[in-house]
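# Structural characterization, general
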Protein chains: 2
Amino acid sequence: MHESLIQYIRSQSATPLASKDIDLLKKTFIPKKFRKRQYFLQEGEVCVYGAFIVKGAMRKYTVDEKGEEHIVELLIENWWANDRESQIKEVPSRYFIDCWEDTDALLTTKQSMYDLIDRIPALKEWRAKISENYHIASQKRINDAISLSAEQRYHELEKTYPEFIQRFPQHIIASYLGITKETLSRIRHQAAKK
Amino acid sequence: MHESLIQYIRSQSATPLASKDIDLLKKTFIPKKFRKRQYFLQEGEVCVYGAFIVKGAMRKYTVDEKGEEHIVELLIENWWANDRESQIKEVPSRYFIDCWEDTDALLTTKQSMYDLIDRIPALKEWRAKISENYHIASQKRINDAISLSAEQRYHELEKTYPEFIQRFPQHIIASYLGITKETLSRIRHQAAKK
DNA sequence: GCGAGACGTTGATTTTTATCAACGTTTTTT
DNA sequence: AAAAAACGTTGATAAAAATCAACGTCTCGC
């Protein structure tokens, strides 16, 4: 279970991982299995754990007054599921996170993560890189949201995360793009004709 | 010039700043004045400097094939202007950053920033906090973009960053919201009637 | 002081997208 | 195996927002 985490850290950081570091990692990250549709986090809860996804898929979303879900993030293998705001400030979350597939995850608390980062230099790099990647991706997503049409946004998603389109049903993709499932269906119909 | 930076770091970090740290800060951050409309970064350039804004206002935006500007960020005092993707990976930027007002800024390169962070513990916290805040704000902006109408997005902006509305003209605000200036004008007209 | 450009408004029209409703297919549950 | 739920599609219609065009005001540089 921990192997894929270790491999992933190695791939993201130049600093090697000592074998005592690996032992420490294994002690700190708690393996946990989630069933499809199981919540990892519900609105109003404080996000105590961060989850590294070893296998499976999750979604992070808000629910508005009308009861409609708005998907903020789709998460698959090697991604990190949490609500950093809630976790760091220890305030109730605005988001739901649940599993779209049966999922194997590795959990840590904020504190154990801090301790780990202090002790293992490679993790510092890893953390920085994740934060960096997130920053870049957000900026792009915001730019797409304010400057592209529904159709263009869909084609951008096809280019950027083709695996999402394979893995999640269309109404989930539509929500992620901020459009209705009907509009997405029409966009795809158009695209298929060409 | 450096005072506002020092004060800001203090306000964001629990660790105190030693006086030798302050000397180091002053040596590392290069003060520079920019005129209104002056570019800080142009598309295609590598972003060599990050700029801490002491006084003034900037905007970060893309320009599409039609020549239209799409504003990704508005930046004022105590904010940090750069393109992290370009700066860290040393690749050409997709963004323009220019000054909307005459601006006093403090510049650092990536390397001098890394060195500083290594030497001054308070900066580490500061960096983490900025990155955190950015993360939270992005998530909210994405959520607003995919779930709210133009009108609701405008009212959210009024709540979240009222200073932007004072400081930037309407067509800039409209671009930031991803709507046309005409639509924003009508939204404001509606709101005024109530 | 005057002309150019920036800014904002308003109206008419078109385009884009959402909404509502119905229906077929597939998957899951019982 | 049947029923229910989830998923996707299509059509008609409505709402939201963009586009196009014209115009008024203000500011700034010369």
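Right, let's walk through the structure included here. (Residues numbered from 1 in each chain as written. Chains lettered and ligands numbered in written order. Predicted model: local features only at pLDDT ≥ 70, side-chain atom pairs only at ≥ 80, totals over all residues.)

With that out of the way, let us pick up the environment of B:Lys89. Residues and elements named next belong to chain B. Structurally, lysine 89 can be placed in helix α3 (residues 84-89). Since 13 C-beta atoms lie within 10 Å of it, lysine 89 is described here as partly exposed. Considering only alpha carbons, one finds lysine 89 and valine 46, 43 residues apart in sequence, at a separation of 9.1 Å. (Helix = DSSP H or I, 4+ residues; strand = E, 2+ residues; numbered from the N terminus. Buried ≥ 20, exposed ≤ 12 C-beta atoms within 10 Å, placed from the backbone.)

It is worth spelling out the protein's contact with DNA strand C at this point. Contacts to DNA strand C come from 16 residues, most closely from A:Ser149, A:Thr183, B:Pro169, B:Gln170 and B:Ser185. Elements represented by at least two residues in the surface near DNA strand C include exactly α6 (150-160) and α9 (181-193) of chain A together with α8 (170-177) and α9 (181-193) of chain B. Element by element, the count of residues in the surface near DNA strand C is highest for α9(B), at six residues. When the residues that make up the surface near DNA strand C are grouped by side-chain class, the tally is three nonpolar, seven polar and six charged. (Near = placed C-beta within 6 Å. Nonpolar A, V, L, I, M, F, W, Y, C, P; charged D, E, K, R; others polar.)

On to the protein's contact with DNA strand D, then. Around DNA strand D sit 16 residues in total, of which A:Pro169, A:Gln170, A:Ser185, B:Ala150 and B:Thr183 are the nearest. Elements supplying a minimum of two residues to the surface near DNA strand D: α8 (170-177) and α9 of chain A together with α6 (150-160) and α9 of chain B. Looking at which element gives the most residues to the surface near DNA strand D, the answer is α9(A), with six residues. Partitioning the surface near DNA strand D into residue classes produces three nonpolar, seven polar and six charged.

So, on to the interface of chain B and chain A. Of the residues lining the interface, 21 residues belong to chain B; the matching set on chain A comes to 21 residues. Those elements that place two or more of their residues in the side of chain B that touches chain A are β5 (69-75), α3 and α5 (121-147) of chain B. Ranked by residue count, the leading element in the side of chain B that touches chain A is α5(B), at 13 residues. Its residues placed into classes, the side of chain B that touches chain A shows seven nonpolar, nine polar and five charged. (Contact = placed C-beta atoms within 7 Å.)

Here we come to the sheet that holds strand β8 (residues 103-109) of chain A. Residue and element names in this part refer to chain A. Pairing within the open sheet is antiparallel, and its four strands lie in the order β1-β8-β3-β6. Taken across any chain shown, the strands that pair with only one partner, and hence form the sheet edges, are β1 (30-34) and β6 (80-81). Sheet topology places β1 next to β8; five bridges connect them, and they run antiparallel. From the neighbouring strand, proline 31 faces β8, where its bridge partner is leucine 106. Strands in contact with helix α4 (residues 110-119) are β3 (49-55) and β8; relative to β8, the strand with the most contacts, it is inclined by about 80°. (Pairing = 2+ DSSP bridges. Axes fitted to C-alpha atoms, helices over the stretch in contact; angles between N-to-C directions.)

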